[in-house]
Amino acid sequence: MSSQLETLNEWVQATARRTRPDRIHWCDGSDTEAQALTELMLASGELIAINPTTHPDCYLHRSDPDDVARVEHLTFISTQQRDAVGPNNHWMSPHDAHLKMDALFDGCMQGRTLYVVPYCMGPIDSPLSRCGVEITDSPYVVANMRLMTRMGQAALQRIEREARFVKGLHSTGELNPERRFILHFPEENLIQSYGSGYGGNALLGKKCHALRIASWQGHQQGWLAEHMLIVGIENPQGETHYIAAAFPSACGKTNLSMLIPPASYRRAGWKIWTVGDDICWMQPGADGRLWAINPEAGFFGVAPGTSRKTNPNALAMLTHDTIFTNVALTNDVQPWWEGLHDGQPAIDWQGRTFDPANGPAAHPNSRFTVRADQCPSWSSHAEDPQGVPISAIVFGGRRANLIPLVFEARDWTHGVLAGASMASETTAAATGKVGVLRRDPMAMKPFCGYNFGDYFAHWLSFDRPGAKLPKIFHVNWFRKNQQGDFLWPGFGDNLRVLEWILGRCHGHTGATETPIGFLPRIQDLNLHGLNLDPAQLESLLHVDPVAWGEELQGIGEYLADYGEHLPQQLELARQGMADALDAERP
Ligand code: SAT
Ligand code: MN
């Protein structure tokens, strides 16, 4: 046995001594294994079979009603130095964290099976990929990890070859929110998660490994782990350019990554190719450009709002081999959620006869898990070991006011500032109040595993001689008028903005310079076939120097929280913008 497999085996044995499972099962990722797990979960009621005629091999899982989203207040980074995690994270000392977690894990797998899940984040043969092993007592987690990662034998072989893997220990425990903690030990390459069976709390390859631990590793090793979709845009000349875009959870990353072009664009020959919908690992290549991979192999997407109209690609991939979590069911046992438009709910997400008095039929954060290659727009380059070259980076939040439809940063530093000053209204993806504006730099607030001040400096460090960095943009699809209606149609029409962005990258589209960056003039956007009121467009592209002055002050106060860790360059860029705005004030 190789020394890596010995290390793994010792860790599994030590974990078993602590958690005392009845059985240990090493997952090989085979179809036979998946079938057996499904049968086990159907028998235990953890899975419910969905109509096999309309949705072959699709299942519904209902999580505990108190366990339906990520729990940021119970998520900690544990490092020797408190300073390392910054004010953006909850910190616990490794000593306290290990004591707490060891006590929780003591005997917690009695009567259960301990599953060993070797996985690879990223194409199995990519130098950018990284492996991990999750130990879990949840067959639902195993089934999801099988769809979301390259899980099983191939990953184990890669672990055997490599020097290192990330260890993740997970138990659903008693699902008691009082006894629920998600701990990360980046100095030990270790994740421990107890008391939740849900998504980002339990599928440890996703946010815990591919963002929190990976961002820490990227900081040390010179790469970036980002909360970004990756999408390829093919123009009528047949050239494909790739964009990486960061939005907070439940702000339309999945829809944007598999967008259907408006009719006039389709006729002209535009095509969209999906590379990833949630996470992007990027690293400078020998040519100075940033090259990106999607570390995931599947989508864990938000169901509500997904329809034939908003995301036909998603709907097409959800007709077979999909796990649904916390959606409603129709009378003939098809999955249903708000915004689907087809059919009627009969049973709600908690298994009750649907009654509107109980709230929505599907949980607002209900999800689907599906393999990425089931997506009709899945890119033929998504598995390229070297990744895809990124032409533009886009930041975006959910902002009802102020932020224009799109602007281009003046340079890399200004772009990093635009990312660092992102804010967004909260969504159902995390527990807590929905619709509250909060700062969410680079959409990484819940996911950056270290001090944001150091993270901003790490971003700035990519601007060095020889670098051919992407241009940076900021978008806002969520601007509203005074009546509360969205000003921009969004969805497929977002391609109009992406076309402008790519035009700017290649230097053949016009713009006007403002204190916040370059904005398109109305004539710079292709609005053919769109019926937008000119006043509406005007306000989408307007920069109000007074309101922006206040915003910049708020940004300054927020960034000041990072104290000595905040790179001075960012504060200087912010002051430069504030001065330019002052000069424009009436
Ligand atoms: O629950 S997850 O973290 O996997 C989904 C999300 O919030 O983006
Ligand atoms: Mn996400």
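Keep in mind the model is a prediction, meaning the values are calculated, not measured. (Residues numbered from 1 in each chain as written. Chains lettered and ligands numbered in written order. Predicted model: local features only at pLDDT ≥ 70, side-chain atom pairs only at ≥ 80, totals over all residues. Heavy atoms only, no water.)

Turning to the overall build of the protein chain, a few remarks are in order. Secondary structure summary: the protein chain contains 16 helices and 29 strands in total. With respect to the three principal axes, the spread of C-alpha positions in the protein chain is 70 × 55 × 45 Å. Across the 586 residues in the protein chain, those meeting the buried criterion constitute 60%. Restricting to contacts in the protein chain with at least 6 residues of sequence separation, those with at least 24 account for 73%. For the protein chain, the exposed area adds up to about 22,300 Å²; of that, 49% sits on carbon and sulfur atoms. (Helix = DSSP H or I, 4+ residues; strand = E, 2+ residues; numbered from the N terminus. Buried < 20%, exposed > 50% of the residue type's maximum accessible area, 1.4 Å probe, protein only. Contact = heavy atoms within 4.5 Å. Areas by Shrake-Rupley, 256 points an atom, 1.4 Å probe, with all protein chains shown as cover.)

Before going further, it helps to examine the nonpolar core. The biggest cluster of nonpolar side chains holds 109 residues, and the ones touching the most others in it are Ile393 and Trp459. Counting residues per element, this core draws most heavily on helix H4 (residues 139–148), at 7 residues. In this structure, this core is formed jointly by two domains, domain 1 (3–46 + 72–221) and domain 2 (226–297 + 380–584), each of which donates at least three residues. If we ignore the near neighbours within four places in the chain, the residues touching Ile393 are Met228, Ala244, Met282, Leu290, Trp412, Trp459, Pro470, Lys471, Ile472 and Phe473. (Core = buried A, V, L, I, M, F, W, Y, C linked by side-chain atoms within 4.5 Å. Domains from an automatic or database assignment.)

Another point: the pairing of strand S9 (residues 166–171). For S9, a buried count of 5 out of 6 residues is recorded, marking the element as mostly surrounded by other parts of the structure. With 5 bridges connecting them, strand S7 (residues 130–136) and S9 associate as parallel partners. Bridging from a neighbouring strand, Ile135 pairs with Leu169 of S9. As judged from the 5 bridges shared by S9 and strand S11 (residues 190–194), these two strands associate in the parallel manner. Within S11, the residue paired with Lys167 across the bridge is Leu190. (Pairing = 2+ DSSP bridges.)

In this section: the state of the cysteines. Disulfide: a covalent bond connecting the sulfur atoms of a pair of cysteines. For the structure on display, the rule yields 0 disulfides. Of the cysteine sulfurs around Cys208, a residue in no disulfide, the closest is that of Cys448, at 14 Å. There is no disulfide at Cys280, and the cysteine sulfur nearest it, in Cys448, is 15 Å away. Take Cys280: its relative accessible area is 0%, and that puts it in the buried class. (Disulfide = S-S within 2.5 Å.)

Moving on: helix H5 (residues 153–161). Buried within H5 we find Ala155, Leu156, Arg158 and Ile159. Looking straight down H5, one finds its buried side chains confined to an arc of 160°; they lie on one side. Those residues of H5 hidden inside the fold are in contact with helix H1 (3–19), strand S6 (113–121), S7 and strand S8 (150–151). (Arc of directions from axis to C-beta.)

Taken domain by domain, the protein chain consists of domain 1 (3–46 + 72–221) and domain 2 (226–297 + 380–584). The gap between the C-alpha centroids of domain 1 and domain 2 is 32 Å. Contacts between the two partners involve 35 residues from domain 1 and, on the opposite side, 35 residues from domain 2. Of the roughly 2,900 Å² buried at the junction of domain 1 and domain 2 (both faces included), carbon and sulfur atoms supply 54%. Of all residues in domain 1, Glu72, Asn88 and Leu128 give up the largest surface area on contact with domain 2, accounting jointly for 24% of the area buried on that side. (Buried area = accessible area lost by both parts, 1.4 Å probe.)

With that settled, the discussion passes to the coordination of the manganese ion (ligand 2). Around the manganese ion (ligand 2), the donor atoms from the protein are Lys207 (NZ), His227 (NE2) and Asp278 (OD), and they sit 2.0 to 2.2 Å away. Overall, Lys207 belongs to the buried group, its relative accessible area being 5%. Residue classification places His227 among the buried positions, given a relative accessible area of 0%. (Donors = N, O, S within 2.8 Å, 3.2 Å for Na, K, Ca; no water.)

All told, the structure shown has 20 aromatic pairs when counted by the stated rule. When the centroid spacing of 5.8 Å and the interplanar angle of 55° are considered together, the rings of Phe395 and Trp459 count as tilted. Here Phe395 is found in strand S23 (residues 388–396), whereas its partner Trp459 is found in helix H12 (residues 452–460), with 64 residues between them in sequence. With relative accessibility at 0%, the residue Phe395 sits in the buried group. An aromatic cluster is present here, built from Tyr450, Phe452, Tyr455, Phe456, Tyr558 and Tyr562 joined pairwise through their rings. The ring of Phe478 carries Arg398 above its face, with NZ or CZ at 4.3 Å from the centroid. Over the aromatic face of Phe518 sits the side chain of Arg504, whose NZ or CZ is 5.3 Å from the ring centroid. (Phe/Tyr/Trp six-rings, centres within 6.5 Å; stacked < 30°, edge-to-face > 60°. Lys NZ or Arg CZ within 6 Å of the ring centre and 35° of its normal.)

If charged atoms from side chains of opposite charge come close, those side chains can pair. Tallying each qualifying case throughout the model produces 26 salt bridges. Two residues, Arg70 and Glu72, come together in a salt bridge whose shortest N-O distance is 2.9 Å. Taken as a pair, Arg70 and Glu72 share a single burial class, namely buried. We note a salt bridge from Lys207 to Asp278, for which the minimum N-O separation is 2.8 Å. Within this pair, whereas Lys207 is found in helix H7 (residues 205–221), its partner Asp278 is found in the loop between strand S15 (271–276) and strand S16 (280–284), the two being separated by 71 residues in sequence. Assigned by exposure class, Lys207 and Asp278 land together as buried. (Salt bridge = Lys/Arg side-chain N within 4 Å of Asp/Glu carboxyl O.)

As a further point, take helix H16 (residues 568–584). Structural remark: α-helix, 3.6 residues per turn; residues separated by three or four positions point the same way. Here H16 contains 17 residues, and its C-alpha end-to-end distance of 25 Å stays within 8% of the 24 Å for a straight helix at 1.5 Å per residue. Turning to H16, its buried residues are Leu570, Ala573, Arg574, Met577 and Leu581. All buried residues of H16 fall inside an arc of 100° around its axis, so they share one side. Pointing more than 90 degrees away from the buried face of H16 are the exposed residues Gln568, Leu572, Asp579 and Ala583. Contacts from the buried residues of H16 go to helix H11 (412–420), H12 and helix H15 (545–560). (Expected span 1.5 Å × (residues − 1).)

Arg70, Tyr198, Gly199, Gly200, Lys206, Lys207, Ser249, Phe300, Arg367 and Ala429 make up every residue found near ligand 1. Taking Arg70, its side chain carries an N or O atom lying 2.8 Å from an oxygen atom of ligand 1. Ser249 places a side-chain nitrogen or oxygen 2.9 Å from an oxygen atom of ligand 1. Burial of ligand 1 by the protein chains amounts to 98% of its free accessible area of 250 Å². The set of elements that each furnish at least two residues to the shell around ligand 1 consists of helix H6 (199–202) and H7. Looking at the shell around ligand 1, its residues break down into 3 nonpolar, 3 polar and 4 charged. (Near = heavy atom within 4 Å. Polar contact = N/O pair within 3.5 Å; in protein donor to acceptor, adjacent residues only side chain to side chain. Nonpolar A, V, L, I, M, F, W, Y, C, P; charged D, E, K, R; others polar.)

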